[in-house]
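# Observations on chain architecture
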Amino acid sequence: MPKITFSPMTIKNLKPTDKSIEYFDNSREHGEGAFGLRISPKNKRTWFVMYKGHNSKIMRYTLGVYPALSLKDARKKAGDVMAEVNKGNDPMSSKQTKKTAPTMIDLWAEYKNERARMKQPKAASTIIEEDRRWKNNICPTIGQLKVQDIEPRNITDLLNIVATKTPVSANRLYALLRVVFKVAIQQGWIQIHPMQWLNKPGGSEPPRKRYLSDEEIKTLWPYFDKLRSNPRDILKLGLLTAQRPGEIMSMRWRDIEFKNDIWRQNNTKNGSTNLVPLSPQVKSILLARKPKDIGTIEWVFPSNYNWCKGAVDGRAKSTKDARKDLQEISGVKDWTAHDLRRTARTIMSRLQIKQHVRERVLNHAQGGMLGVYDQYDYFQEKADALNKLAEEIDRILSTP
């Protein structure tokens, strides 16, 4: 263990040998630890400092590799380590703790456990969307990082990548990450939320107000029949039932009672069971799709498309491509599947259906005392409203 006076020139001129050799800086004073440089036969140069730990055990703390870590910076780092030792702390113990500290992958697993324990579970469509954002956005960029090492700039970089293409999607990712890091605080993995000063990357979102006029409905409807059966019927049901697109696409045959004209939604966005009355027009669409051997088929809108990308449950996931084609050939632009729900709501208002009935048709959560004390299901009122809605659409389409 030769001792030399460390200087930039001295370090540069040291040569490797056939065995690893360690050099120590002879300018160190008592209490400053043994500051050294280890040179391997392949000329890898590693800075380290040695000190007496608990029970007078000799500990070795690796500082970094030369020349990435210069002599000046290595000296400073060695001084910081020894300052902790002189305070009675053990830097090696802290280093080992950090090695086993949870990563973002661990945090996501804990978040999923927390999500599964919720009293009011999230809708299946929300869970699918969150898992997709983890797989496509979060895991590839910061999944391997320690939770305690995540800084605002890591999150900002991630959000900005998404915001350049889809600002609204970046806002949804922002909201998800805020909730995920709350779990880290609950677990005691971090003390400060890394996003506390970050704003939404996509900016504020004005509420969307798009709905289809009677003339646009009349123009679009014939083009629905030119689509494949899944998007054709999903879009029609969106207008006739006023239900969420994701809930329509996840419709199961076992949830439909043709005898009682009921579609029973068991996994809704607000966590409650929702009974959707079937108007004659909706019932006709579903009966036309009903398979002969219904016991072997689960989904009303089955699909094997994109199974390799995670659509393992074998049902329709989107009408995006169909809507894009429809907008091109029909000339009716700038509308989404959710806008059909808004259109249905607007038509019901025009028909002077009472507001509390309209809200229950849409299965919006009832807040305050109303949500606590009014447990009436309003099924007959919803049935009347949806029958009036279907009849009004028939009138718009001039359907006898």
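Residues numbered from 1 in each chain as written. Predicted model: local features only at pLDDT ≥ 70, side-chain atom pairs only at ≥ 80, totals over all residues. Heavy atoms only, no water.

## Considerations on the nonpolar core
For the record, the criterion: The set of buried Ala, Val, Leu, Ile, Met, Phe, Trp, Tyr and Cys residues whose side-chain atoms join them within 4.5 Å is what this entry labels a nonpolar core. Under the scheme applied here, a residue whose accessible area is under 20% of the maximum for its type counts as buried, over 50% as exposed, and between as partly exposed, the area being computed with a 1.4 Å probe on protein chains only. Going along the chain from the N terminus, every DSSP run of H or I of four or more residues is numbered as a helix, and every run of E of two or more is numbered as a strand. Any two residues whose heavy atoms approach within 4.5 Å at even a single point are treated as in contact.
By size, the foremost hydrophobic cluster in this structure holds 47 residues, and its most contacted members are Ile 256, Leu 286 and Trp 335. The element contributing the most residues to this core is helix α16 (residues 379–396), with six residues. The contacts of Ile 256, once residues within four sequence positions are left out, are Met 251, Ile 262, Trp 263, Leu 278, Leu 286 and Val 300. If you look at the next biggest cluster of nonpolar residues, it comprises 26 residues, including Tyr 111, Ile 138, Ile 150 and Phe 181.

## Focus: the environment of His 364
The condition that has to hold: In protein, a polar contact means a hydrogen-donor-capable atom and an acceptor-capable atom, both N or O and within 3.5 Å, with residues adjacent in sequence counting only if both atoms are side-chain atoms; elsewhere, any N or O pair within 3.5 Å suffices.
Looking at the secondary structure, you find His 364 in the loop between α14 (355–361) and α15 (368–373). Taking the C-alpha atoms as reference, His 364 lies 31 Å from Asp 325; in sequence the two are 39 residues apart. At a separation of 2.8 Å, a polar atom in the side chain of His 364 contacts the side chain of Glu 359.

## Concerning unusual backbone geometry
The amide bond that connects Tyr 66 to the next residue, Pro 67, takes the cis arrangement and shows omega of 10°. With respect to the helices, strands and loops of the structure, Pro 67 is situated in the loop between β5 (58–66) and α2 (71–86). The phi torsion at Asp 334 lies on the positive side, around 55°, for a residue other than glycine. Of note, Asp 334 is situated in the loop between α12 (320–330) and α13 (337–350). You can call Asp 334 partly exposed: its relative accessible area is 49%. With phi around 60°, Asn 363 is a residue other than glycine that occupies positive phi space. Tracing the chain through its elements places Asn 363 in the loop between α14 and α15. When its relative accessible area of 7% is taken as the criterion, Asn 363 is described as buried.

## Considerations on the pairing of strand β7 (residues 262–265)
Note the threshold: For two strands to be treated as a pair, DSSP must find at least two bridges joining them.
Here strand β6 (residues 256–257) pairs with β7 via two bridges, running antiparallel. Paired with Ile 256 across the bridge in β7 is Trp 263. In textbook terms, the turn of a hairpin is the stretch between consecutive antiparallel strands, and for β6 and β7 this stretch comprises four residues, one of which, Asp 261, has a positive phi near 55°.

## Quick notes on α13
The test is simple: Expected helix span is given by 1.5 Å per residue-to-residue step, counting one fewer step than there are residues.
For α13, with 14 residues, the first-to-last C-alpha span of 21 Å sits near the 20 Å given by 1.5 Å per residue. Taken residue by residue, α13 has Ala 337, Asp 339, Leu 340, Arg 341, Thr 343, Ala 344, Arg 345, Ile 347 and Met 348 as its buried positions. Along its buried surface, α13 packs onto α8 (214–224), α9 (229–241), α10 (245–249), α12, α14 and α16. Within two residues after α13, Gln 352 carries a phi angle of roughly 60°, on the positive side.

## Quick word on the sheet that holds strand β1 (residues 3–4)
Here is the rule: In this analysis an axis means a line fitted to C-alpha atoms, helices contributing only their contacting stretch, and an angle means the value between N-to-C directions, from 0 to 180 degrees.
If you trace the five strands from one edge of the open sheet to the other, you get β1-β2-β3-β4-β5, paired in mixed fashion. For this open sheet the edge positions go to β1 and β5, each flanked by a neighbour on one side alone. In this structure, strand β4 (residues 45–52) lies alongside β5, joined through eight bridges in antiparallel fashion. Bridge pairing links Met 50 to Arg 60 in β5. The sheet strands contacting α2 are β2 (21–25), β3 (34–39), β4 and β5, and the helix crosses β4 at an angle near 20°.

## With respect to the packing of aromatic side chains
Here is the rule we go by: Aromatic rings from Phe, Tyr and Trp, with only the six-membered ring used for Trp, were paired whenever their centres fell within 6.5 Å, and each pair was classed as stacked if the ring planes differed by under 30 degrees, edge-to-face if by over 60, and tilted otherwise.
Counting across every chain of the model gives nine aromatic pairs. When the centroid spacing of 5.4 Å and the interplanar angle of 85° are considered together, the rings of Phe 24 and Phe 48 count as edge-to-face. Residue Phe 24 is found in strand β2, and its partner Phe 48 is found in strand β4; the two are separated by 24 residues along the sequence. Classification of Phe 48 by relative accessible area gives buried; the value is 2%.

Remember that the coordinates give geometry; whether it matters functionally is a separate question.
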